Every structure is written in structure tokens, then in C-alpha cells.
Amino acid sequence: MKTMILNTRSTTPNALADTPQTPTETPFTPQEVVDQLRAIRTRIADVTPLTSAQREAVRGLSRMVTNEILQASIGAIDSAQLVSQAVGQQPEDVRALYDESNRWNQAEGELRTLLNGIAGANLIRRQRLALIIKQAYGVSAALANDPAHAELVSQVAELKRLKRLARGKKKPAPQTPPQAQTK
């Protein structure tokens, strides 16, 4: 299996390059990010977690919201007071809701980009850990063969055992009934 080391420093410009950075700012720690996200979540009025079934039901209905249909509907609400009363909305309120939805789409995209960036960086950290573990095992196993490093024998044996457990137990081959001999 070929191991690839990912480049963690990119020279390609991105959205962060457009944001002025103060050189004295220290990067957030993971706990600081969690604390900040929780603080933001408490200040957002409509954070509504949905189940998968609820999300699909809402998504199915919201697919019908195109700009053309929305504008025509607002026109109908605006043209007849009876329509406005029936739906319980004024045209300006519907426009404001549509505008708010678009602005939250932008916020959602930024959060998704942030999440993908954090997930990617964490994946690289896990890859680094895997390489360190692989190197530590290889060096330890080689040194354990030398009597001068006998203290490593038990650690190498434990690492072997743990690696075997991590891979999972192999399933026994399916047993086929013996075939009848033909004469």
C-alpha cells in the first residue's frame, strides 16, 4: 500500500487571503472554536434540527420555490386583499422572508466551507498520526530483535495484538458440504 503525504501548505489563493489577518492573532484552539460556535448558536433565532424524514418532507415542498413562482405569488397576494388575508401574509413580509432565506443560504455555505476545511485538516492530522504510529512500530520491532532493547519486546507484542484487533477478526471461509463422489 502506497502512503501519500499530503501538502498542508497551499500557495493557491482562497477566501481567507481576502480577509485581513492581524499578525499578532493566535489561532483558535479546538475548545475556543467549540465555545464560539455554541455562543453563535445561542444568538441565532431559528436553529431547528430536523430528522432525516422531516428534512426530506420540507425539502420536497421547498423545491417548488423558484424566483418566478415566488414573484407571481407575491403579485397575487399584492393584487387582492382577500388573497393576502387568506394566506395571512403581506407581500413585503414574503419578500423579506425570501431575502432572509437568501442571506442564510450564504451563511450556510460559509459554515459548510469552514466545516470542510476543519474536516480536511483533521484528516491530515490523522494521517500524520498513522504515519508516526507506523514508524514507531517499525523502529520498535527492529530494535526489539536486539537484546540491548529487550524492554521493547512486550510493547511490540502488545502493538501487534492491538493492530490485529483493530483490523477485525477474519471471517471463517464458508464451509461447503462435501461433494458426492460419482462413479
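This structure is a prediction, so every number in the text was calculated from the model and none was measured. (Residues numbered from 1 in each chain as written. Predicted model: local features only at pLDDT ≥ 70, side-chain atom pairs only at ≥ 80, totals over all residues. Heavy atoms only, no water.)

*Asks:* How do you make sense of the overall build of the chain when you look at a structure like this?
*Replies:* Summing up its helical and strand segments, the chain has 7 helices and 0 strands in all. Shown N-terminal to C-terminal, the secondary structure of the chain runs as helices and strands in the order α-α-α-α-α-α-α. Restricting to contacts in the chain with at least 6 residues of sequence separation, those with at least 24 account for 32%. For the chain, the accessible surface area stands at approximately 16700 Å², while carbon and sulfur atoms represent 59% of it. (Helix = DSSP H or I, 4+ residues; strand = E, 2+ residues; numbered from the N terminus. Contact = heavy atoms within 4.5 Å. Areas by Shrake-Rupley, 256 points an atom, 1.4 Å probe, with all protein chains shown as cover.)

*Asks:* Is there a simple way to think about the packing of aromatic side chains in this case?
*Replies:* Here the distance between the centres and the angle between the planes together describe a pair of aromatic rings. Applying the stated criterion to the full structure yields 0 aromatic pairs. Lying over the aromatic face of Tyr 137, Lys 163 brings its terminal NZ or CZ to 3.8 Å of the ring centre. (Phe/Tyr/Trp six-rings, centres within 6.5 Å; stacked < 30°, edge-to-face > 60°. Lys NZ or Arg CZ within 6 Å of the ring centre and 35° of its normal.)

*Asks:* Quick question: what am I supposed to make of the side chain of Ser 84 here?
*Replies:* Looking at the element boundaries, Ser 84 is found in helix α5 (residues 81-87). Apart from residues lying up to four places away in sequence, Ser 84 is in contact with Ile 77, Gln 89 and Gln 90.

*Asks:* I would appreciate a short explanation of the pattern of salt bridges in the present structure.
*Replies:* A pair can form between side chains of opposite charge whenever their charged atoms are brought close. For the structure on display, the rule yields 4 salt bridges. Arg 112 is the partner of Glu 108 in a salt bridge, and the nearest nitrogen-oxygen pair spans 3.0 Å. One end of the pair, Glu 108, and the other, Arg 112, are both in helix α6 (residues 91-144), 4 residues apart, so they sit about a helical turn from each other. By relative accessible area, which is 38% here, Glu 108 ends up partly exposed. Owing to a relative accessible area of 47%, Arg 112 belongs among the partly exposed residues under this scheme. Here Glu 158 ties to Arg 161 by a salt bridge, and the two come within 2.8 Å at their closest N and O atoms. Taken together, the residues Glu 158 and Arg 161, both in helix α7 (residues 152-167) and 3 residues apart, mark about one turn of the helix. Among the residues examined, Arg 161 registers a relative accessible area of 38% and is labelled partly exposed. (Salt bridge = Lys/Arg side-chain N within 4 Å of Asp/Glu carboxyl O. Buried < 20%, exposed > 50% of the residue type's maximum accessible area, 1.4 Å probe, protein only.)

*Asks:* What is the right way to look at a positive patch on the surface in this model?
*Replies:* A cluster of basic side chains, namely Lys 134, Lys 160, Lys 163, Arg 164 and Arg 167, defines a positive patch on the protein surface. Per-element accounting of the positive patch gives the leading share, 4 residues, to α7. Note on placement: Lys 163 falls in helix α7. (Patch = residues over 30% accessible without salt bridge, like charges linked within 9 Å, V, L, I, M, F, W, Y side chains within 5 Å. Lys, Arg positive; Asp, Glu negative; His and termini not counted. Charge placed at Lys NZ, Arg CZ, Asp CG, Glu CD.)

*Asks:* Help me out: how do you make sense of the environment of Tyr 98 in this one?
*Replies:* The topology assignment puts Tyr 98 in helix α6. Placed 28 residues apart in sequence, Tyr 98 and Leu 70 show a C-alpha to C-alpha distance of 8.6 Å. With residues up to four places along the chain from it excluded, the contact list for Tyr 98 reads Asn 67 and Leu 70.

*Asks:* Would you mind going over the side chain of Ser 140 with me for this structure?
*Replies:* Position of Ser 140 among the secondary structure elements: in helix α6. The exposure class assigned to Ser 140 is buried, which follows from its relative accessible area of 17%. If near-sequence neighbours (up to four positions away) are discounted, Ser 140 is found in contact with Leu 152 and Val 156.

*Asks:* Just to check I follow, could you spell out α7 for this structure?
*Replies:* Every α-helix carries 3.6 residues per turn, so stepping three or four residues along brings you back to the same face. The terminal C-alpha atoms of α7, which comprises 16 residues, lie 22 Å apart, in line with the 22 Å expected from a rise of 1.5 Å per residue. Once α7 ends, the next one or two residues include Gly 168, with phi positive near 90°. (Expected span 1.5 Å × (residues − 1).)

*Asks:* Honestly, a nonpolar patch on the surface in this entry has me stumped. Any pointers?
*Replies:* A cluster of nonpolar residues, Leu 37, Ile 40, Leu 111, Leu 114 and Ile 118, forms a patch on the protein surface that exposes about 440 Å² of accessible area. Elements that contribute at least two residues to the nonpolar patch include exactly α2 (30-43) and α6. A total of 3 residues in the nonpolar patch trace back to one element, the largest contributor, which is α6. On the secondary structure map, Ile 118 appears in helix α6.

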